[in-house]
Amino acid sequence: MIRVLLADDQSLIRAGFRALLSAEEDIEVVAEAADGAKAVALALEHQPDVALVDVQMPVMDGIEATRRIASDQRLSDVHVVILTNYGLDEYVFHALRAGAGGFMVKDTEPADLIQGVRVAARGDALLSPTITRRLISEYVARRPEPHPSGLESLTNREREVTALVARGLSNNEIAAHMVISPTTAKTHVSRAMTKLHARDRAQLVVLAYETGLVTPRGR
């Protein structure tokens, strides 16, 4: 059973999401919060698999709530998905850096919302290749210089895999590109995430560009 925490200051949004998710046999909404501070407290109390967190909330916004959840070792298994009205806006960039595993727009199709929750619960980044390309072009290109990293701890294979993740490739696509099995590709990705202290693939993408391992095309 996938346990979900809903955090949004609009009760109507929460009610709609709850109705959609609760109708699925494998998903349970365990708690609701109307502000970021309450979301953090309820995450600690209920230990959900996925936290759907709105960006703009009173008391504490979604960015800070995400940062606190992502930095708390007690909540290491909680996957935060940011909810936004506008797609790739400035808030999303900050949320990904704070530790969010992906994002969804609030007017997403019901089937996509449900699938997104399942993807996030598996620990996969909720960023499609198209979104990843937009992310790197709109966000990473703003950073003039890469900062020091732990890339020296990666093997050549792990560096290559990390670069491919940053280009938006899935494990299956990485496996085909490198002529290895999907299981081996997943293992390389997991090891790279561990060595770079990335919570998930979304953070691995950000780190790959921040460290200069990969640079935005066209720069």
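The structure this text deals with has already been given above.
Residues numbered from 1 in each chain as written. Predicted model: local features only at pLDDT ≥ 70, side-chain atom pairs only at ≥ 80, totals over all residues. Heavy atoms only, no water.

1. Focus on the packing of helix H7 (residues 156-166) against helix H9 (residues 182-195)
In a packed pair of helices, the relevant descriptors are the angle between the two axes and the axis-to-axis distance. Taken N-terminus to C-terminus, the directions of H7 and H9 make an angle of 95°; their axes are 9 Å apart at the nearest point. What the angle tells us is that H7 and H9 run roughly perpendicular. Facing H7, whose interface residues are Arg-157, Glu-158, Val-161, Thr-162 and Val-165, H9 presents Ala-185, His-188, Val-189, Arg-191, Ala-192 and Lys-195. Residues that form the contact of H7 with H9 fall into these classes: five nonpolar, two polar and four charged. (Axes fitted to C-alpha atoms, helices over the stretch in contact; angles between N-to-C directions. Helix = DSSP H or I, 4+ residues; strand = E, 2+ residues; numbered from the N terminus. Parallel < 35°, antiparallel > 145°, perpendicular 65-115°, else oblique. Contact = heavy atoms within 4.5 Å. Nonpolar A, V, L, I, M, F, W, Y, C, P; charged D, E, K, R; others polar.)

2. Some remarks on the environment of Val-29
Tracing the chain through its elements places Val-29 in strand E2 (residues 27-33). Under the relative-accessibility criterion, Val-29 is labelled buried at 8%. Along the sequence, Val-29 and Leu-5 sit 24 residues apart, while their C-alpha atoms lie 6.0 Å from each other. Ignoring any residue separated from it by four or fewer positions in sequence, one finds Val-29 in contact with Val-4, Leu-6, Arg-18, Leu-21 and Ser-22. (Buried < 20%, exposed > 50% of the residue type's maximum accessible area, 1.4 Å probe, protein only.)

3. Focus on the pattern of salt bridges
Think of it this way: side chains of opposite charge can pair up when their charged atoms draw near. Tallying each qualifying case throughout the model produces 11 salt bridges. A salt bridge links Arg-18 to Glu-32, with the shortest nitrogen-to-oxygen separation between them at 2.3 Å. Residue Arg-18 is found in helix H1 (residues 11-22), and its partner Glu-32 is found in strand E2; the two are separated by 14 residues along the sequence. In this structure Arg-18 comes out as partly exposed when scored by relative accessible area, which is 30%. The partly exposed category is assigned to Glu-32, whose relative accessible area is 28%. The shortest N-O distance in the salt bridge between Lys-195 and Glu-158 comes to 2.8 Å. Of this pair, Lys-195 sits in helix H9 while Glu-158 sits in helix H7, and the two are 37 residues apart along the sequence. (Salt bridge = Lys/Arg side-chain N within 4 Å of Asp/Glu carboxyl O.)

4. Some thoughts on the sheet that holds strand E3 (residues 50-54)
In a beta sheet, neighbouring strands are held together by backbone hydrogen bonds and run either parallel or antiparallel to one another. In space, the five strands of this open sheet follow the order E2-E1-E3-E4-E5, with parallel pairing throughout. One side of each edge strand has no neighbouring strand; the edge strands of this open sheet are E2 and strand E5 (102-105). Recorded for the sheet is a direction-independent mean angle of 25° between the axes of neighbouring strands. Pairing of strand E4 (residues 79-84) with E5, which is carried by four bridges, proceeds in the parallel orientation. Across the sheet, residue Leu-83 finds its bridge partner in E5, namely Met-104. On top of the sheet, helix H3 (residues 62-71) reaches E3 and E4; it is set at about 175° to E4, its chief contact. (Pairing = 2+ DSSP bridges.)

5. A word on the packing of H7 against helix H8 (residues 171-178)
Where H7 contacts H8, the axes come no closer than 10 Å and their chain directions differ by 130°. Taken together, the axes of H7 and H8 are oblique relative to one another. In this structure, H7 crosses over H8, and the sense of that crossing is right-handed. Residues Arg-157, Glu-160, Val-161, Leu-164 and Val-165 of H7 touch H8, and the partners they reach there are Ile-174, His-177 and Met-178. For the contact of H7 with H8, the per-class residue count stands at five nonpolar, one polar and two charged. (Left-handed = near helix turned anticlockwise from the far one by under 90°.)

6. Thoughts on H7
Those residues of H7 lying buried are Glu-158, Val-161, Thr-162, Ala-163, Leu-164, Val-165 and Ala-166. Gly-168 occupies a position one or two residues after H7 and carries a positive phi of about 95°.

7. Section: the side chain of His-79
Along the chain, His-79 falls in strand E4. Judged by its relative accessible area of 19%, His-79 falls in the buried class. With sequence-adjacent residues up to four places away left out, His-79 is seen in contact with Asp-49, Val-50, Ala-51, Ala-120, Ala-121 and Gly-123.

8. Description of the layout of surface pockets
To find leftover empty space, a probe the size of one water molecule is rolled over the atoms. The calculated volume of the second largest pocket comes to roughly 220 Å³. Taken together, the residues of the lining of the second largest pocket break down into two nonpolar, four polar and four charged. (1 Å grid on protein atoms, 1.4 Å probe; cavity = no way out; pocket = protein on both sides within 12 Å on 5 of 7 lines; lining within 4 Å. Points joined across faces, edges and corners; volume = space filled by probe spheres on them.)

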